[in-house]
Amino acid sequence: MSQAILQIRRISGHPGPVPGADVERAEQVCKLIDTTTCIGCKACEVACLEWNGYPFTDTTFNNTYQTMPDTTWKYWNLIRFNEYEREDGTLMLLMRKDQCMHCADPGCLAACPADGAIVQYHNGIVDFQQEHCIGCQYCVTGCPFNIPKFNSDTKKVFKCTLCADRVAVGLEPACIKSCPTGCLHFGTKDDMTILAETRAKQLREHYGFEKAGVYDPPGVGGTGVIYVLHDTTNPEAYGGLPRDPRIPWVVRLWKGPAKWIGNLAMFFGVVGVTLHYLRYGPKTVRDRNGRGDQP
Amino acid sequence: MSVSQTISHAVGILKDGRILRYTLSERVNHWTAALTYIYCLVTGLAFWSPYMFWLADLFGGGPTARFWHPWLGVVFVVSVLWMFRVWRDDMRITDVDLAWKKAIGHYIRNEDEDLPPIWRFNYGQKLFFWVMLYGAILLLLSGLILWFPESIPWNLRWLRYLGVAAHVTAALVTIGAFIIHVYMGTAMVRGGFTSIIRGEVSTGWARMHHRLWYEQVMRGKRG
């Protein structure tokens, strides 16, 4: 979205070290989503569209409170709805605001081959730079949360920017601004973690949600979006929140050891045939008198 | 395969002491496959490593290279399938080839007089053909997944990972075969490169490299 407003920590597809990667300036920013106080009003969905300038799209009604089945390239923020039946037979209407999680260790960025198409700012926001995107969709494969979405007309991939353009100038993200219940909070990762843990403790001690806790998956190094859940032992109930998200091991292998094994194999292949030529030379056709013959 | 191989097309015509080794359509097809493969190789290497991403600039930059890579890949696969249609009989590995394979050390050391005689293609050429055929099919199937990853449902996402692994593996295997093929066709086997451009080889060349095929041609039979 926006370039050069924020200091960059990581760059996708970048040969060599990242300029300025070692500066220690910004705090980690974090969005806290308290699913226990979300009423599913969709104000955040609307605010997201408005701030980012996308038109309203047709909604899909399928007898739930969910706007459409999945996020799209121009619909980055979706309240996932699940009518969840508890063991005692009572129902819970679970609402989870789904968007990019802004992983500390982003699978999209690891998979991306285009120099600078995905960056991670020093404040932790993971942002797509569409002007450098080549449309390969490796990020779609790398993401453990199914977030990047491809626009087949422009051949570019889009997702939530965590309002990097707003955050860079000291504003909170548009979704946070619009939330009427206060279930969305924005601040530093440390502050949000304390707030989330306090809320989870409150849920455990005063509301009878014994399994309440904070979702901040360590498999991706923690996320820039954390959830308070009534039941952290069952994140899948919240519209398919993965239990232990990680960058797929195939992607790790592909972007790590396989790269060097492959490069060495290709290098030694070329070296090998060169050495063969130097040692044995060409096969020349000789006639019956033993003279070299032009083919 | 018994005494002789039956070859239906027009290779083996003798003219002014030179033998037609590859027909025009075989040559056109070879170069269609070669050029599309080289395009996919160079652009593929750009997507493979950040240190080779600059290669995409040779073909108009990242987005352009990414747009054409799959399409030219499809042309490559079609071309290879055409080769399969035309060469499948010539490329069948026979007892003659297995005897030749046992003596391959002589071939590597350029001691060609110690090799058993063979037909139109040697064991290495046949192996290259089959590696490229199966490699092309695997590259197409996995490439389709990489082309349209979002069409794979999220709960079948292991297919996306399998696609990546298969595409990379098939690419590396064919690159290995390609390096050897280009080296042998240009530097090592003198006369090979002109044969795939002009189609002709000398009788001496045919006699040295493909003795059984040469003798068949000299007996006045085509093929």
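Here the structure is a predicted model, which means the values were calculated and not measured.

## Thoughts on the overall build of chain B
For step 1, the next point in the chain: Of the regular secondary structure elements, chain B holds 9 helices and 3 strands.
For step 2, the next point in the chain: Order of helices (α) and strands (β) in chain B, N terminus to C terminus: β-β-α-α-α-α-α-α-α-β-α-α.
For step 3, the next point in the chain: For chain B, with 223 residues in total, the buried portion stands at 35%.
For step 4, the next point in the chain: Put simply, of all contacts in chain B between residues at least 6 apart along the chain, 63% involve residues at least 24 apart.

## Remarks on the sheet that holds strand β1 (residues 14-15) of chain B
Residues and elements named next belong to chain B.
For step 1, the next point in the chain: Pairing in this open sheet of 3 strands is antiparallel, and the strands run β1-β2-β3 from one edge to the other. Every other strand in the sheet has two partners, leaving β1 and β3 (200-202) as the edge strands with one partner each.
For step 2, the next point in the chain: Sheet analysis places β1 next to strand β2 (residues 18-20), joined by 2 bridges and oriented antiparallel. The residue of β2 that forms the bridge with K15 is R18.

## Considering the interface of chain B and chain A
A common way to report how large an interface is uses the accessible area buried once the components associate.
For step 1, the next point in the chain: The partner chain A presents 36 residues to the 37 residues of chain B that form the contact.
For step 2, the next point in the chain: Among the elements of the structure, α2 (62-87), α6 (158-188), β3 and α8 (203-209) of chain B are those that each provide at least two residues to the side of chain B that touches chain A.
For step 3, the next point in the chain: Tallying contributions element by element places α6(B) first for the side of chain B that touches chain A, with 13 residues.
For step 4, the next point in the chain: Here the residues of the side of chain B that touches chain A sort into 23 nonpolar, 8 polar and 6 charged.

## What to know about the sheet that holds strand β5 (residues 118-121) of chain A
Residue and element names in this part refer to chain A.
For step 1, the next point in the chain: Taken in spatial order, the 3 strands make up an open sheet running β1-β5-β6, and their pairing is antiparallel. Strands at the two margins of the open sheet, each flanked by one partner only, are β1 (8-11) and β6 (126-128). On average, each strand axis in the sheet is inclined to that of its neighbour by 30°, with strand direction left out of account.
For step 2, the next point in the chain: Of the pairings in the sheet, the one linking β1 to β5 comprises 3 bridges and is antiparallel in character. Paired with R10 across the strands is Q120, a residue of β5.

## Quick look at the confidence of the model for chain B
All names here are of chain B.
For step 1, the next point in the chain: Per-residue confidence for chain B gives a mean pLDDT of 92; residues scoring 70 or more make up 94%.
For step 2, the next point in the chain: Throughout residues 1-9 the model reports pLDDT below 50, and contacts reaching past four residues in sequence, or to other chains, amount to 11 contacts.
For step 3, the next point in the chain: Here the complex is predicted with pTM 0.91, and the ipTM for its interfaces comes to 0.90.

## Here we look at the environment of Y51(B)
For step 1, the next point in the chain: Checked against the element boundaries, Y51(B) lands in the loop between α1 (24-48) and α2.
For step 2, the next point in the chain: As for Y51(B) and L138(B), which are separated by 87 residues in sequence, their C-alpha atoms are 26 Å apart.

## Some remarks on the nonpolar core
For step 1, the next point in the chain: Among the nonpolar cores identified, the biggest contains 102 residues, and C108(A), C112(A), I118(A), C139(A) and I226(A) are the most heavily contacted of them.
For step 2, the next point in the chain: Each residue touching C112(A), except ones within four places of it in the same chain, is listed here: S12(A), G13(A), A117(A), I118(A), Y138(A) and C139(A).
For step 3, the next point in the chain: One finds V285(A), I19(B), L20(B) and W119(B) within the second-largest nonpolar core, a separate group that totals 15 residues.

## Focus on the packing of α1(B) against α2(B)
Residues and elements named next belong to chain B.
For step 1, the next point in the chain: Contact pair α1 / α2: the axes reach a minimum separation of 8 Å and the direction vectors enclose 145°. Crossing of α1 against α2: the hand is left-handed. Mapping the contact onto sequence places E26, N29, T32, A33, T36, Y37, Y39, C40, T43, G44 and A46 in α1 and A65, H69, L72, G73, V75, F76, S79, V80, W82, M83 and V86 in α2.
For step 2, the next point in the chain: Partitioning the contact of α1 with α2 into residue classes produces 13 nonpolar, 8 polar and 1 charged.

## Notes on the environment of I8(A)
All names here are of chain A.
For step 1, the next point in the chain: Among the secondary structure elements, I8 is positioned in strand β1.
For step 2, the next point in the chain: For I8, a count of 19 C-beta atoms within 10 Å corresponds to the partly exposed category.
For step 3, the next point in the chain: Residues I8 and G187 lie 179 residues apart in sequence; the distance between their C-alpha atoms is 19 Å.
For step 4, the next point in the chain: Ignoring sequence-local partners within four residues, the contact set of I8 consists of V18, G20, V119 and Y121.

## Thoughts on the packing of helix α8 (residues 257-280) of chain A against α6(B)
For step 1, the next point in the chain: As a packed pair, α8(A) and α6(B) sit with axes 10 Å apart at the nearest point and diverge in direction by 15°. Taken together, the axis directions place α8(A) and α6(B) in an arrangement best described as roughly parallel. Between α8(A) and α6(B) the crossing geometry is right-handed. In this structure, α8(A) uses A258(A), G262(A), A265(A), M266(A), G269(A), V270(A), V273(A) and Y277(A) to contact α6(B), whose residues at the interface are V168(B), L172(B), I175(B), G176(B), I179(B), I180(B), Y183(B), A187(B) and M188(B).
For step 2, the next point in the chain: The residue inventory of the contact of α8(A) with α6(B), partitioned by class, reads 14 nonpolar, 3 polar and no charged.

## Observations concerning the pairing of strand β2 (residues 29-34) of chain A
Residue and element names in this part refer to chain A.
For step 1, the next point in the chain: Among the 6 residues of β2, 6 are classified as buried, and the element is accordingly described as predominantly covered.
For step 2, the next point in the chain: Here β2 runs beside strand β9 (residues 184-188); their pairing, made up of 5 bridges, is antiparallel. Within β9, the residue paired with C30 across the bridge is G187.
For step 3, the next point in the chain: Two elements, β2 and strand β11 (residues 225-229), share 4 bridges in a ladder whose sense is parallel. Within β11, the residue paired with K31 across the bridge is V225.

## Thoughts on helix α1 (residues 43-52) of chain A
Residues and elements named next belong to chain A.
For step 1, the next point in the chain: When we look at burial in α1, the residues that qualify are C44, E45 and C48. Viewed end-on, α1 has its buried residues packed into an arc of 105°, placing them on one side of the element.
For step 2, the next point in the chain: Its buried side turned inward, α1 meets β3 (78-85), β4 (91-98), α5 (174-178) and β9.
For step 3, the next point in the chain: G53 lies just past α1 and shows a positive phi near 80°.

What counts and what doesn't
Residues numbered from 1 in each chain as written. Chains lettered and ligands numbered in written order. Predicted model: local features only at pLDDT ≥ 70, side-chain atom pairs only at ≥ 80, totals over all residues. Helix = DSSP H or I, 4+ residues; strand = E, 2+ residues; numbered from the N terminus. Buried ≥ 20, exposed ≤ 12 C-beta atoms within 10 Å, placed from the backbone. Contact = placed C-beta atoms within 7 Å. Pairing = 2+ DSSP bridges. Nonpolar A, V, L, I, M, F, W, Y, C, P; charged D, E, K, R; others polar. Axes fitted to C-alpha atoms, helices over the stretch in contact; angles between N-to-C directions. pLDDT = per-residue confidence, 0-100. Core = buried A, V, L, I, M, F, W, Y, C linked by C-beta atoms within 7 Å. Left-handed = near helix turned anticlockwise from the far one by under 90°. Parallel < 35°, antiparallel > 145°, perpendicular 65-115°, else oblique. Arc of directions from axis to C-beta.

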